[in-house]
Amino acid sequence: MNEFLVKLFIFSTIFIGLCYGVDYLIEKGIKTSSYREISKWSEVIEGGIDADILIVGSSRALVHFDPRIIENNTGFTCYNLGLDGSKYESQKKVLNLYLEHNKEPKIVIWSLDLGSFQSIEGVYRYEQFLPFWDEKMVKSILKLNKNQDQDYLNIPIAKYSNNPYLKYRGLLKKVGVNFSEPNLYKGYRESNFRWDNNFEKFSQENAEGISEIVSEPLFGDFQDLCLILKARDIDIHWVVAPYYQEALKLIVNSDEIIQKYRDVSNRIDVEFQDYTSNPLSYETGNFYNGSHLNSRGVKKFMEVYFNHSFKICVF
Amino acid sequence: MQNAFLLLSSYVFYGWWDWRFLGLIIASSAVDYWCGIKMGTVTPSGPVTSTIGTSHLDDRRGLIHHGTPLDKISPDGRNELPITSTTGEVSPSGQVSPSNRKLYLSISLVFNLGLLAFFKYFNFFIDSAADLIETLGFQAHISTLNLILPVGISFYTFQTLSYSIDVYRGNLKPTQDPIAFFTFVAFFPQLVAGPIERASNLLPQFFRKREFQYQQGSDGMKLILWGLFKKMVIADNCALVVNPIFANYQTASGLELIMGAILFAFQIYGDFSGYSDIAIGVAKLFGFELMTNFRTPYFSRDIAEFWRRWHISLSTWFRDYVYIPLGGSRVSKAKAIRNIFIVFLVSGFWHGANWTFVFWGAIHAALFIPIFLVGKNRAHLHEGEQLIPSLKEVFQIILTFSLVCVAWVFFRSDTVGEAWGYLNGMVSNSLLPENYLWFGYDLRIALILFLILEWIGRYESNWMVRLQHKWFRYPAYVFTAFLIVFWGVFTEAKEFIYFQF
């Protein structure tokens, strides 16, 4: 029995040591990767971002607000905190993560979507947070995956089980192999894509239109958050970036939602800009799909926003 | 004391899933324990005296296997050897009368099969009856019950039935030790998905004091490790590919459908044999030896060999308690074919209340019968030891595996119609569309490694026991464990497939 236990102990020690060692290498490697928005979370958690303007929102924030243009136009420093596939709940948590580690911004531009306040379960591409699993706020973000048993995330290496390629990327990155991944600039992802024609298929499948839901508790929480930020002398701007017009028409209650945003922004006194009917939203050349501008569209949008509306608001 | 602790642990283990069903397993054990005693032997004055095969046991414990050879069992299942002692109702000659023995066997059969029929097949029969009535042009307003299938019921009822039948046949002397018997039925490592143990193998092990043996514990750990690899690396990764293919078989390409069927074969093998390995390994840690349940079945050279290597505990159960009592092969060809069909159909039906399982069994019967008719069903009884198979063997293995994969499509599909649709799609859908689903390098490498290691260990309990030198052995164990963590699926709890049976 003793011999068995001794050998079992030696085996377990070597095995656990190996697992933690490899996990360490993966983590170190993957944190320098631009896979999804991992490099952004590395920067955010590392701290020291001194941004005057902070962009918050979903993928429509991530790909629509280019800090280079913003910085050139305003003279302010800027950081884009957009999280692909996110809704308000995870955006708020990501903002908290940012504020925990970095200096408070002067201005928060919150990029609103028509579906921002829909309650959904889960964080899209949550594996991008896994290298930061030790962070309390990251745990809180991943808690949004309500149906996920998260115990396994404490097991070294196994936590990457959702996306096996992270393991290989991490290890290869650690030994100096680089991947062709889109680099983020201050959290912004440039999208040099052409119109992908997926919209036509989508519109055929949803010919009767779709209705977006605004969860009142979530929208109420958002208003409270904005008031708290305002109380900390942070200027809040709500912006609805352009949608391709035909895509917008498919959302049967878009006018109602925009009006709701406008009314509430007036009531709590935050800036609100709506670009859903801007002329650039009529041209597919400015988009790569129904709800995302490509880099050409972004340049036009930034020009409109920062040369006109934003200046009027801030300066 | 050891048995009492094991019994308590086993009930806690089972009750963890749903404590309400503990009553079923206790009732099943109690009925068979009682029937066993009633069918067994005592002297007219009452106390048990054991004779054959029990010299190393005390009288209170009773038992043991008489070692009756199969040719001494008559087609009706009765042991043709003389019964030497009796328990319970005693005839003037000191024996329980045959009619009473039959009565108690019937009680055991009715109770256990009744439990199975109610929990597992009630809704199926109701639905099938309703379908039949509607096919005949009548309106059927029959409602089904919202029943939960108790985990492991198919396994423990068969295990406890084997005890009753063996006692009835006179192959076993009934045990007088309720703790040992109840532990035998509820023994946690193999309670929920087998191996379906015979009382003659497992029950005696509860009567000796068990002490930890290094070699047994070490072998157990190796089996657990390899079982985990099979389950978490092979089966669960295959499931990630297989599930979407079967869910969308109408739109899948021919290649995807073929791949889905092949990967399901690996999924179910990894899943079930992995569980069996873990169960056998855990039992070894407690000092028990369970029967081998799988012996690299996908290296079989014909269907008959496949069935000697796949789910051995179930196929031998059906052989001993259904096929041989029906007359086995020692009857006319027509009756033998009937017997084969019955065994395969019942075996299929055992897996679940669905026509897909019946079809699965029927396909295997249809594949087995031609081999039986030409007298080749025992062609590969003796295994070679050669590392490199001949071309002929490779061809036979691939052919057998392909046929097994076709049958698995029925096993995996929700309805017979879906299975036909799936098989039809394999040959009629475009073979390689523009966007096809393929599976990752992880799984490809893991499968190749798995096949190589299975081939190396095909005549042993697993490949690890072949590693002799410690400089190979220990790194191999650590590396296997590491691969489980590196390649295993942890994202969602994946139950063992056979838990549903």
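Here the structure is a predicted model, which is why all the values come from computation and not from measurement.

## Here's the deal with the overall build of chain A
Here is step 1: The secondary structure content of chain A amounts to 12 helices and nine strands.
Here is step 2: In terms of overall dimensions, chain A is globule-like: its C-alpha atoms have a radius of gyration of 22 Å, near the 20 Å expected for 315 residues.
Here is step 3: By principal-axis analysis of the C-alpha atoms, chain A measures approximately 75 × 45 × 40 Å.
Here is step 4: Across the 315 residues that make up chain A, the buried fraction comes to 54%.
Here is step 5: Considering only intrachain contacts with a sequence separation of at least 6, the fraction spanning at least 24 residues in chain A is 80%.

## Some details on the pairing of strand 1 (residues 53-56) of chain A
Residue and element names in this part refer to chain A.
Here is step 1: Judged by which residues are buried, strand 1 turns out to be covered on both faces: Ile53 and Ile55 on one side and Leu54 and Val56 on the other are all buried.
Here is step 2: Bridge count between strand 1 and strand 2 (residues 78-80): three bridges; the pairing is parallel. Note on strand 2: the bridge partner recorded for Ile55 is Asn80.
Here is step 3: Relative to strand 3 (residues 107-111), strand 1 runs parallel, the two sharing four bridges. Bridging from a neighbouring strand, Ile55 pairs with Ile109 of strand 3.

## Quick word on the environment of Leu184 of chain A
All names here are of chain A.
Here is step 1: Topologically, Leu184 is positioned in strand 4 (residues 184-185).
Here is step 2: The exposure class of Leu184 is buried, given its relative accessible area of 16%.
Here is step 3: Between the C-alpha atoms of Leu184 and Ile38, which are 146 residues apart in sequence, the distance is 9.6 Å.
Here is step 4: In this view, Leu184 contacts Arg36, Glu37, Ser39, Lys40 and Arg189; residues no more than four positions away in its chain are not counted.

## Notes on a nonpolar patch on the surface
Here is step 1: A cluster of nonpolar side chains, contributed by Val6, Phe9, Ile10 and Ile14 of chain A, occupies part of the molecular surface with about 410 Å² of accessible area.
Here is step 2: Inspection of the secondary structure assignment puts Ile14 of chain A in helix 1 (residues 2-30).

Conventions used here
- Residues numbered from 1 in each chain as written.
- Chains lettered and ligands numbered in written order.
- Predicted model: local features only at pLDDT ≥ 70, side-chain atom pairs only at ≥ 80, totals over all residues.
- Heavy atoms only, no water.
- Helix = DSSP H or I, 4+ residues; strand = E, 2+ residues; numbered from the N terminus.
- Rg over C-alpha atoms; globule rule 2.2 N^0.38 Å.
- Buried < 20%, exposed > 50% of the residue type's maximum accessible area, 1.4 Å probe, protein only.
- Contact = heavy atoms within 4.5 Å.
- Pairing = 2+ DSSP bridges.
- Patch = residues over 30% accessible without salt bridge, like charges linked within 9 Å, V, L, I, M, F, W, Y side chains within 5 Å.
- Areas by Shrake-Rupley, 256 points an atom, 1.4 Å probe, with all protein chains shown as cover.
- Salt bridge = Lys/Arg side-chain N within 4 Å of Asp/Glu carboxyl O.

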